[in-house]
Amino acid sequence: MRLFVAIEFDEKTKSKMIDVQDQLRAAVLHGNFSRPENLHLTLAFLGEVPEERVGGIIRAMDRISSRAFDAQFSRIGQFRSERDSLWWIGMRENPCLTAMRAALTEYLTEAGYQYDKKRFRPHITIARQVVLASRPEIKIKPFGTRVSSISLMLSERIDGKLKYTELYRKKLEG
Ligand code: ATP
Ligand code: MG
């Protein structure tokens, strides 16, 4: 099973992300835009995990004692490749996020799970394979949301369509 741990967002927060996405949409020649239900922030990408090892991930998540916190979004950015680029909305660095993510990765490691070790750059992907037609004029009005849980997500391709399913939700205290 292809798994990752992520922050999921409420509809109101996602609609603000979609506003940003729509501004980008107006300036592209090509782009694979994330569907609203797929907008998320990845905390740890586990990749392929055998079904019998899912319980250990849930136990690692349950060890986290971090409290709920307020997160802010104020910028967009790109990860570029030669051909195209991936566009994202960044979550502002935040001590609560850093500590919670550190606890998660520590507990996953202790339990013997591998996750992606690249530098953590908290972001929500809004579009992949973007090729611009014109310079986008994106005005992002900073917005915030409360992060009060984290989710274990299953990633599947069904008839070519990307589908994420929440397998478990860990509530953060407070
Ligand atoms: P697809 O790869 O099919 O285009 P996707 O990247 O959204 O779609 P997954 O590859 O299953 O789906 O990834 C799920 C989440 O984990 C996404 O947020 C993705 O950016 C992130 N992710 C995937 N691979 C890695 C990786 N090697 N390192 C860090 N994060 C990753
Ligand atoms: Mg991927």
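Scroll up a little and you will see the structure.
Residues numbered from 1 in each chain as written. Chains lettered and ligands numbered in written order. Predicted model: local features only at pLDDT ≥ 70, side-chain atom pairs only at ≥ 80, totals over all residues. Heavy atoms only, no water.

Colleague: Mind showing me how you'd approach the overall build of the protein here?
Modeller: Helices and strands together make up the secondary structure of the protein, namely 3 helices and 9 strands. In terms of C-alpha radius of gyration, the protein reaches 16 Å, essentially the compact-globule figure of 16 Å for 174 residues. Its C-alpha atoms give the protein principal-axis dimensions of about 50 × 35 × 25 Å. Restricting to contacts in the protein with at least 6 residues of sequence separation, those with at least 24 account for 79%. (Helix = DSSP H or I, 4+ residues; strand = E, 2+ residues; numbered from the N terminus. Rg over C-alpha atoms; globule rule 2.2 N^0.38 Å. Contact = heavy atoms within 4.5 Å.)

Colleague: Would you explain the packing of aromatic side chains in this entry?
Modeller: Both the distance between ring centres and the angle between the ring planes are used here to describe each pair of aromatic rings. By the definition in use, this model includes 4 aromatic pairs. Both rings, one in Phe-9 and one in Phe-73, keep their centres 5.7 Å apart while their planes meet at 80 degrees; by these two values the pair is edge-to-face. Of the two residues, Phe-9 sits in the loop between strand S1 (2-8) and helix H1 (11-25) while Phe-73 sits in strand S4 (residues 69-80), which places them 64 residues apart along the sequence. Taken individually, Phe-9 and Phe-73 each receive the classification buried, so the pair is uniform in this respect. Aromatic ring contacts, followed pair by pair, group Phe-9, Phe-73 and Phe-143 into a single cluster. Positioned above the aromatic ring of Tyr-115 is the side chain of Lys-117, whose terminal nitrogen or guanidinium carbon lies 4.4 Å from the ring centre. (Phe/Tyr/Trp six-rings, centres within 6.5 Å; stacked < 30°, edge-to-face > 60°. Buried < 20%, exposed > 50% of the residue type's maximum accessible area, 1.4 Å probe, protein only. Lys NZ or Arg CZ within 6 Å of the ring centre and 35° of its normal.)

Colleague: Sorry if this is basic, but what is going on with helix H2 (residues 54-62) here?
Modeller: Structurally, the α-helix is built with 3.6 residues per turn, so residues lying three or four positions apart point the same way. If you check which residues of H2 are buried, you get Val-54, Gly-56, Ile-57, Ala-60 and Met-61. Taken end-on, H2 shows its buried residues confined to a sector of 160 degrees, consistent with a single buried face. Its buried side turned inward, H2 meets S1, strand S3 (40-48), helix H3 (95-110), strand S8 (149-158) and strand S9 (161-171). (Arc of directions from axis to C-beta.)

Colleague: Which parts of the structure should I look at to understand unusual backbone geometry?
Modeller: One non-glycine residue, Gln-129, adopts positive backbone phi at about 50 degrees. For Gln-129, the position within the fold is in strand S6 (residues 123-132). A positive phi angle, near 50 degrees, is found at Asp-159, a position not held by glycine. Inspection of the secondary structure puts Asp-159 in the loop between S8 and S9. With relative accessibility at 81%, the residue Asp-159 sits in the exposed group.

Colleague: Please clarify how the environment of Glu-8 should be interpreted in this entry.
Modeller: Locating Glu-8 in the fold gives a position in strand S1. Linking Glu-8 and Phe-143, residues 135 residues apart in sequence, is a C-alpha distance of 16 Å. If near-sequence neighbours (up to four positions away) are discounted, Glu-8 is found in contact with Leu-39, His-40, Ser-151, Met-153, Glu-166 and Arg-169.

Colleague: Help me understand the site of ligand 1 in this model?
Modeller: Arg-2, Phe-4, His-40, Thr-42, Phe-45, Asp-116, Lys-118, Arg-128, Ser-155, Arg-157, Leu-162 and Tyr-164 make up every residue found near ligand 1. At 2.6 Å from an oxygen atom of ligand 1 is found a side-chain nitrogen or oxygen belonging to His-40. Arg-128 has a polar side-chain atom sitting 2.7 Å from an oxygen atom of ligand 1. Surface burial for ligand 1 is 71%, taken as the share of its 590 Å² of free accessible area covered by protein chains. Listed by contribution, the elements that provide at least two residues to the shell around ligand 1 are S1, S3, S8 and S9. (Near = heavy atom within 4 Å. Polar contact = N/O pair within 3.5 Å; in protein donor to acceptor, adjacent residues only side chain to side chain. Areas by Shrake-Rupley, 256 points an atom, 1.4 Å probe, with all protein chains shown as cover.)

Colleague: Explain the pattern of salt bridges here, please?
Modeller: Side chains that differ in charge, positive against negative, can pair when their charged atoms come close. Summed over all chains, the structure comprises 6 salt bridges. We note a salt bridge from Arg-25 to Asp-22, for which the minimum N-O separation is 3.3 Å. Of this pair, Arg-25 and Asp-22 both sit in helix H1, 3 residues apart, which is roughly one turn of the helix. Between Asp-70 and Arg-146 there is a salt bridge, and its shortest N-O distance comes to 3.1 Å. Here Asp-70, found in strand S4, pairs with Arg-146, found in strand S7 (residues 143-147); they are 76 residues apart in sequence, far enough to count as distant. In this structure Asp-70 comes out as partly exposed when scored by relative accessible area, which is 47%. Given a relative accessible area of 44%, Arg-146 falls into the partly exposed group. (Salt bridge = Lys/Arg side-chain N within 4 Å of Asp/Glu carboxyl O.)

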